[in-house]
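If you want the building blocks of each chain, they are given just below.
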Number of protein chains: 8
Amino acid sequence: MDSAKLKALLEAVAAGDLAPDGALERLRGMPFEDLGFAKIDHHRSLRKGYPETIFCAGKTPEQVVQIVERMREHGSNVFGTRCTPEVIDAVLKAYPQAVHHDAARAFTLIVEPPDVLPGYIAVVCAGTSDIPVAEEAVVTCKVLGNRVERIYDVGVAGIHRLITQRERLEGATALIVCAGMEGALPSVVAGLISKPVIGVPTSIGYGASFGGIAALLGMLNSCASGLTVVNIDNGFGAAIAAASINRLVNGK
Amino acid sequence: MDSAKLKALLEAVAAGDLAPDGALERLRGMPFEDLGFAKIDHHRSLRKGYPETIFCAGKTPEQVVQIVERMREHGSNVFGTRCTPEVIDAVLKAYPQAVHHDAARAFTLIVEPPDVLPGYIAVVCAGTSDIPVAEEAVVTCKVLGNRVERIYDVGVAGIHRLITQRERLEGATALIVCAGMEGALPSVVAGLISKPVIGVPTSIGYGASFGGIAALLGMLNSCASGLTVVNIDNGFGAAIAAASINRLVNGK
Amino acid sequence: MDSAKLKALLEAVAAGDLAPDGALERLRGMPFEDLGFAKIDHHRSLRKGYPETIFCAGKTPEQVVQIVERMREHGSNVFGTRCTPEVIDAVLKAYPQAVHHDAARAFTLIVEPPDVLPGYIAVVCAGTSDIPVAEEAVVTCKVLGNRVERIYDVGVAGIHRLITQRERLEGATALIVCAGMEGALPSVVAGLISKPVIGVPTSIGYGASFGGIAALLGMLNSCASGLTVVNIDNGFGAAIAAASINRLVNGK
Amino acid sequence: MDSAKLKALLEAVAAGDLAPDGALERLRGMPFEDLGFAKIDHHRSLRKGYPETIFCAGKTPEQVVQIVERMREHGSNVFGTRCTPEVIDAVLKAYPQAVHHDAARAFTLIVEPPDVLPGYIAVVCAGTSDIPVAEEAVVTCKVLGNRVERIYDVGVAGIHRLITQRERLEGATALIVCAGMEGALPSVVAGLISKPVIGVPTSIGYGASFGGIAALLGMLNSCASGLTVVNIDNGFGAAIAAASINRLVNGK
Amino acid sequence: MDSAKLKALLEAVAAGDLAPDGALERLRGMPFEDLGFAKIDHHRSLRKGYPETIFCAGKTPEQVVQIVERMREHGSNVFGTRCTPEVIDAVLKAYPQAVHHDAARAFTLIVEPPDVLPGYIAVVCAGTSDIPVAEEAVVTCKVLGNRVERIYDVGVAGIHRLITQRERLEGATALIVCAGMEGALPSVVAGLISKPVIGVPTSIGYGASFGGIAALLGMLNSCASGLTVVNIDNGFGAAIAAASINRLVNGK
Amino acid sequence: MDSAKLKALLEAVAAGDLAPDGALERLRGMPFEDLGFAKIDHHRSLRKGYPETIFCAGKTPEQVVQIVERMREHGSNVFGTRCTPEVIDAVLKAYPQAVHHDAARAFTLIVEPPDVLPGYIAVVCAGTSDIPVAEEAVVTCKVLGNRVERIYDVGVAGIHRLITQRERLEGATALIVCAGMEGALPSVVAGLISKPVIGVPTSIGYGASFGGIAALLGMLNSCASGLTVVNIDNGFGAAIAAASINRLVNGK
Amino acid sequence: MDSAKLKALLEAVAAGDLAPDGALERLRGMPFEDLGFAKIDHHRSLRKGYPETIFCAGKTPEQVVQIVERMREHGSNVFGTRCTPEVIDAVLKAYPQAVHHDAARAFTLIVEPPDVLPGYIAVVCAGTSDIPVAEEAVVTCKVLGNRVERIYDVGVAGIHRLITQRERLEGATALIVCAGMEGALPSVVAGLISKPVIGVPTSIGYGASFGGIAALLGMLNSCASGLTVVNIDNGFGAAIAAASINRLVNGK
Amino acid sequence: MDSAKLKALLEAVAAGDLAPDGALERLRGMPFEDLGFAKIDHHRSLRKGYPETIFCAGKTPEQVVQIVERMREHGSNVFGTRCTPEVIDAVLKAYPQAVHHDAARAFTLIVEPPDVLPGYIAVVCAGTSDIPVAEEAVVTCKVLGNRVERIYDVGVAGIHRLITQRERLEGATALIVCAGMEGALPSVVAGLISKPVIGVPTSIGYGASFGGIAALLGMLNSCASGLTVVNIDNGFGAAIAAASINRLVNGK
């Protein structure tokens, strides 16, 4: 309920069209977000075509399909992440029009495609093993209406390959850089490029990588000030952040 | 050395004005950054008026003054963070025109003030104890040419105060949110506001706060996707990231 | 042996009906709890109808059935938690009258239902993944004779939904709030509600959630003083604590 | 603003005594908590005589005095915890009527003493070193209007002393049990007594006690289900929780 | 080679029965332990009948059988710990006279039974889940020639049961006490009994038990000074230590 | 109250010299330990001449002197560990007959010296830095009536020096081995010697020694089975354990 | 492109055989390493016959075969580590000439065998369980053209066996020493031998070995200064380091 | 005692010049190292002029002077690390000829300078704060007879400066690279240079650097295989390792 509606209600009371008790009741019964706090629910579609998201890890195929169903009733686009093959199978069976994004372990069920923003987000990673995390970022960016440039053939061990990509990197509005092991790639990219860089530590590694802790600490302690970081393997979160920058830059 | 200069050199060789050996020598002797990798040195002033920064923790007053001196020779603005009172005294004695930013434990020595960008960065914190970190962010934003809105009278315990500030929060280009203890404030802000939010865990707390680890983990695991995080107490780094967003939004 | 019995024994000695040696022997042979320390055995039924509990994790189906058998010999109600499907199958086969609480991974075998206390305990959680822990709390509350209100459709991301439940929350005698990831929900509830709140960190999350450590630390460091916490995933323990408050409030 | 006041406002609008615009203005200008979310600010006095609290650690004496001053303007009782001697000196100099609670490292500045509830909270600890934490709990309980029984001469090493206190322990509405090192005391008390027990791990110990982590883990993993736990050294938080139980039991 | 043998060799040289070169050769060829450092090899049988031990975790059935074979060639008794069912099957098939100790996940292959010492070692644990660790201790004690008293029906939750066993506990030469979760049992036993107590933290528990770390820390920080501790789940090591005490007490 | 006293009481009841109510009263009023659980208080003197112990860390000089006073009233020997110079000064001023053990940071106040047992305990350490911990063990052993052999000139780096001490090592009833850094010395000693070895990790080291954690883990994971371990820097606890072995071996 | 080639290109420009634009194009199109930074790509063959390496963990058999194929196109030798049986099967099926190194979980596909250096690297480990890590080191050393001496029959528990191998140990150019549990073996070897020793902590152990952390910390804190360490289970990395020493010693 | 000496002894026995008992006595009385295990004592001078080393941290000035004195009696060069100013003062007062290495927090007392090897070790670090660790490495290298090239003006943030030093880096026999924060410098150097690189994590940093853990983990998980690592701040240990390589390369 924005100020306009609240004023209308008060005017109805003043006009005698609405008894104080009735007004009180209506004020009480109204959904909270109508009182101006809609933004408090960040899962809601902020722009036309934005999807509702399901974090599928730890949910049974039945639960996921049920949630998809509920979302579909509101006409939302639906986006599922961290899907097991069983979840994908169940969703595709129930919704043949859904799309499986294999490398990203995700599915999308798009009714109304989002408007696509100008500019692009660069999604960078070093090797084969980081690709699932990077692809989760890619698909998330896309369902939010962003164009994406994948820059996957770079790694600290072959830093010249990274450097030959400098123009594509610098051309991005924001960069998402995924790295496991010692997690140095985001530091190097942030040192090379003047755009906002979001580091995603991945759980790739062994021994003292501690499931991504070493990479996380490496990024948090980076000398390349200005780098910000999200949770281990959280390609989704990095994409949300990069998309909010891209939207802002494009004045939306 | 950009492509233009490289081509000029090659043309001089073609024209016989420069012998191949001489060209080889010059290619070898040129500073690396001239080959187009200047950006690799992210400490250099990227725009007119940007300062050189000294992380003063663990440096003696003499060392700091010496570094300031060297920077001053290049005519740079100078910005010192994490200063002990002894460092401040030594710098102010050597450079009376330097400015001490008490709450931020910082000093600035500005010769040529930076151009100020339109828009503002909101710097948010909950209580008295987080202010040094927040102020480090504020001063850093300012020396980088950003306007800042301080929103310090808010905390999760009094969430309504935060909500009454929603317009100032939403009006920012980017938000820096500092919080210690369980570190919930950035999550709440990121839930309320659609702009990029950078969380700064602070080392404020005791017992199982483990010097900021609890706050850091709280932010990394936030349900409010899109929040990104920097190192514990790293107001400086958060400001660099926020400034890069603000610059981008303002087309610079 | 309560005071009455001890006095009777002493009177028998005084009356010469029992020789000192015999009395000594009987004092020695009596179970310890008869000497007035019954409470030291907190597993015993403290009120009529309270069940004996089996923590089934790490026990074979055979072991569990054997323990149930022993408990049944004393006529106790039996309550099994952390059951694998195999354990459930074995128990149901041996005791067809046992009830399987699917979502709670638990079974009950109730001979004499507990008296039900007035008032209710609110069990709160945010999403699908926390439900097993929340349901363990629900079933435990119920077998201890408490009524329960489930408030499962709330989460920090949709804080308004929580607020619309404020009356049901405030109406409870005690609240059990389960949350994974950054574990902020108990803080928010404890900030809204003046009743005792018991936080249950769940192991839901990934990466830097470290199997529930982030949620646990978040709750321990909560600004919302007055919140108390139990072990990760310990819905059972939270229910015992909440039940002891409810019993106390109802003067039992 | 409670419902009554809101209804009165609406009635004034209905009666034409207040224009809709004026009503809108007043609704907007009112403190947020007047809209029914007062409870969201858990620091406010929930009952007559409740104090405002200052966590003094990391604050300068000047800052503390300044905050006290602001609170005093609202006529609040004031309660300061984690005070250095310098803070105490500054407060006592500014407010000679303030009371220093030496063992608790706290001060109180009471204008209007709280009503005292019937029943009592037992505060238990083992040795000399845990007393500062226990006393913080004691003073907090008292400023919240609770009577307290100190039971300090007990420890796991002399478990019989604990048992001789069983009646005083059982007579409490709630128990706060402080312990460092392996933190076993709360488990033992929770095993003996049927009342709610809140464990406070203290940072007392050395080596592998890791500043209270061993005690914290010991309490979280206690076999004595029903025990709940607060942060290391958090006597204040335990007291808030115990006081909320005592208030509830006394129907307030 | 003890001094006597060395002297004999030197005398043979002196007598000309052995050439210096031959003596040098024999000195070189002799197993190192013959030079007086036999004790450096603590795996060797220290007394007649002591077994050679195989830690089977992470070894294939083939590897284990091969090692058994090699040991059998020296006529040693053989003792295998941490056996998977596959290892047991392979050993029993190769050596039908081997004995499977089911609860201990161990096997023994005894050619020459050890002399049995007077006195006994008490092996104590609380519940069903700790039994594999306790039984590993029991079997180890036995193959080393110690008598064992199992005291398994005790736990901190039912401390009176422990106390009724006080005489059997006090009668032991040394006690091995296994406990998971908060690991309080060894502390309690060490508080009750004046004999050497060796605590074995077990990995039983969940959440913040961290696979036995909570129990380990609890034991290390025990107020019951005099308690010593071995690695998590290391029933074998505790038994070696207890056996060395029992041997000493019996003058061997 | 031992059985004899309890029988006497019952006989008084039988003889009519004591009314059942009076007997009940006396049974209730008697200190718990009189009921046969004296051992539960492990701080009490177990043998004539055993001292009461004060862990002085974190206690003020005044508190320590006060505790000494109370202990002196019972005629106990007193033993204080972890003393600051201020504590020592205060104790020596109040009790000039007290003895300061400088290297051990301890004092003793002996009224009635303990009987000295035959045999000796070996206290072993590698270097200068471990000596405070080793000396705490030495003084503790002595006040408990044990003879001690110090073997301080050995370290893994000069393992031959250790080996030249093999006879003194093997001659001990029990060995206490203190080591910081990687904590390998106890493993090596336990490998050489067949007597019970108690490892004491010390907090000596830097960097990844983590205040003794590396040494603690090294000892817990030792291949030299049979080694048991106490808390970091806990020379006192190791001595209690070693003394209990020595007492046992000497049939006391 | 080495200097010679660069000079040739410049001479072609000078000679008019190549236009400046064409030269610019060729400079741009050339692989970065040709500009003199070849070393930046440490994965490239540094000497004739050096293999390209694939870290196969977390890659599907299809991905591995695809990468092998790509490498084969450049005529490289190929070396795959951390292979599952499925990966091995797929590679052998696609490349029957590939060799499976069973104990090392590796395969090699050698077209042109490397030149073999004089001298040898000693690879040392204690027991059966460390062999996979040690063998990864062995195979890596060999594909890099080093001879290897395996010394596997040694362990701290049987230190004399180690000492009898002293000549073979001392004869090596560099030593790789693998150990799990407390990780003492590299310290002991580094104490005995004057050659560079590289410690490889293995994840062998249980309980407080924490998957190799105890061994890692033991090696990092070793008193035997001069020992350097690689990641847990990183036999490959240790071999690279040892090979670089061996190459250096042999003047290559 | 080498084989030659042992054979001579045996020949003396054979010749009757030495009685078997006398030979036995001499074998027994000889220092252990004479039996061929001298290397076991790695602190002894391995080559002429090598110093004895004192780790001064945690030692009083008196203790250090006493140890220096003892070493001087054997005519050794003496080298003290981790010195407080008080230690330096005491040593310089006692031995005016001692040299204070200020930046390295070390002193040397050289009687007979070591022979200087050809070749050099490069000691690399990024900034002012890492210099104490780097200088400890430098001084250690020098007292061991190595020439050193300091390369201190390089850091990941200015990677081109590092690259301009490539020839000096590549020219070294071995490299010691010190870095704090995320510890990326050794990875980058190891990627650029084919020589053995030893990484020294420093405790420089704040927040999630955890006193050097982040840097340590970064180095252990480096993609730049072949890098080996020593303990945090252990410049001394890195120098010992580098010196052993340099000695080897120079055939000593």
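Computed from a predicted model, the values in this text were never measured in an experiment. Each chain has its residues counted from 1, running along the sequence as written. By the order in which they are written, chains take letters starting at A while ligands take numbers starting at 1. Confidence filtering applies because this is a predicted model: local features only for residues at pLDDT of at least 70, side-chain atom pairs given and counted only at 80 or more, and all residues used for totals across whole chains, interfaces and linings. Only hydrogens and water are set aside when side-chain values are computed; all heavy atoms of the structure are taken into account.

**Some points on the pairing of strand β2 (residues 77-81) of chain A**
Residue and element names in this part refer to chain A. Accessible area is worked out with a 1.4 Å probe on protein chains only. A residue is then buried under 20% of its type maximum, exposed over 50%, and partly exposed in between. By definition, any uninterrupted DSSP run of H or I lasting at least four residues is a helix, any uninterrupted run of E lasting at least two residues is a strand, and each is numbered from the N terminus. The buried fraction of β2 amounts to five of the five residues, a majority that puts the element mostly inside the structure. Neither face of β2 is left uncovered, since the one carrying Asn-77, Phe-79 and Thr-81 and the one carrying Val-78 and Gly-80 both have all their residues buried. Relative to β2, strand β1 (residues 51-55) is paired through five bridges, and the arrangement is parallel. From the neighbouring strand, Phe-55 faces β2, where its bridge partner is Thr-81. By convention a crossover is right-handed if, when the strands point away from the viewer, the path from the first strand over the helix to the second runs clockwise. Taken together, β1, helix α3 (residues 61-73) and β2 constitute a β-α-β crossover, and its handedness is right-handed. We treat two strands as partners when DSSP finds at least two bridges between them. Pairing analysis gives three bridges linking β2 to strand β4 (residues 106-109), with the strands arranged antiparallel. If you follow Val-78 over to β4, its bridge partner there is Leu-109.

**Some remarks on the relation of the copies chain E and chain F**
Overlaid copies result from least-squares superposition on C-alpha atoms, with residues included only where pLDDT is at least 70 in both. Placing chain E over chain F gives an RMSD of 0.5 Å and needs a rotation angle of 179°, together with 0.2 Å of translation along the axis. Here the symmetry operator amounts to a two-fold rotation axis. By C-alpha distance to the rotation axis, the residue of chain E lying nearest is Val-249 of chain E, at 2.1 Å.

**Points about the packing of aromatic side chains**
Aromatic pairs are defined between Phe, Tyr and Trp rings, using the six-membered ring for Trp, whenever the two ring centres lie within 6.5 Å; interplanar angles under 30 degrees are classed as stacked, those over 60 as edge-to-face, and all others as tilted. Scanning the model with the defined rule gives 16 aromatic pairs over all chains in all. Ring centres of Phe-55 of chain A and Tyr-206 of chain C lie 5.6 Å apart, and the angle between their planes is 25°; this geometry places the pair in the stacked category. Of the two residues, Phe-55 of chain A is situated in strand β1 and Tyr-206 of chain C in the loop between β8 (197-201) and α9 (213-220); the pairing between them involves two chains. Between the aromatic rings of Phe-79 of chain E and Phe-236 of chain E, the centroid separation amounts to 6.2 Å while the plane-to-plane angle is 45°, which identifies the pairing as tilted. Residue Phe-79 of chain E is found in strand β2 (residues 77-81), and its partner Phe-236 of chain E is found in helix α10 (residues 235-249); the two are separated by 157 residues along the sequence. For Phe-236 of chain E, a relative accessible area of 14% translates into the label buried. Cation over ring: Arg-82 of chain A sits above Tyr-206 of chain C, and NZ or CZ is 4.1 Å from the ring centre. Ring-over charges, as used throughout, are those where CZ of Arg or NZ of Lys falls within 6 Å of the ring centre and within 35 degrees of the ring normal.

**Some points on the side chain of Thr-202 of chain G**
All names here are of chain G. Counting through the fold element by element, Thr-202 comes out in the loop between β8 (197-201) and α9 (213-220). Judged by its relative accessible area of 1%, Thr-202 falls in the buried class. Between N or O atoms, a polar contact is any pair within 3.5 Å; within protein, one atom must be a potential hydrogen donor and the other a potential acceptor, and residues adjacent in sequence are included only when both atoms are from side chains. Within the structure, Thr-202 has its side chain in polar contact with the side chain of Asp-130 (distance 2.8 Å). For this analysis, residues touch if any pair of their heavy atoms sits within 4.5 Å. Ignoring sequence-local partners within four residues, the contact set of Thr-202 consists of Asp-130, Val-133, Cys-178, Ala-179, Gly-180, Gly-212, Ala-215, Ile-232 and Asp-233.

**Let's talk about the interface of chain E and chain F**
At the junction of the two partners, chain E supplies 37 residues and chain F supplies 39 residues. Should a side-chain nitrogen of Lys or Arg be within 4 Å of a carboxyl oxygen of Asp or Glu, the pair is scored as a salt bridge. Scanning the region where chain E abuts chain F turns up zero salt bridges. At the surface where chain E touches chain F, the tally comes to six residue pairs in polar contact (both at pLDDT 80 or more). Of all elements in the fold, only α8 (185-192), α9 (213-220), β9 (228-229) and α10 of chain E reach the threshold of two or more residues within the side of chain E that touches chain F. The greatest single-element share of the side of chain E that touches chain F, amounting to nine residues, is contributed by α10 of chain E.

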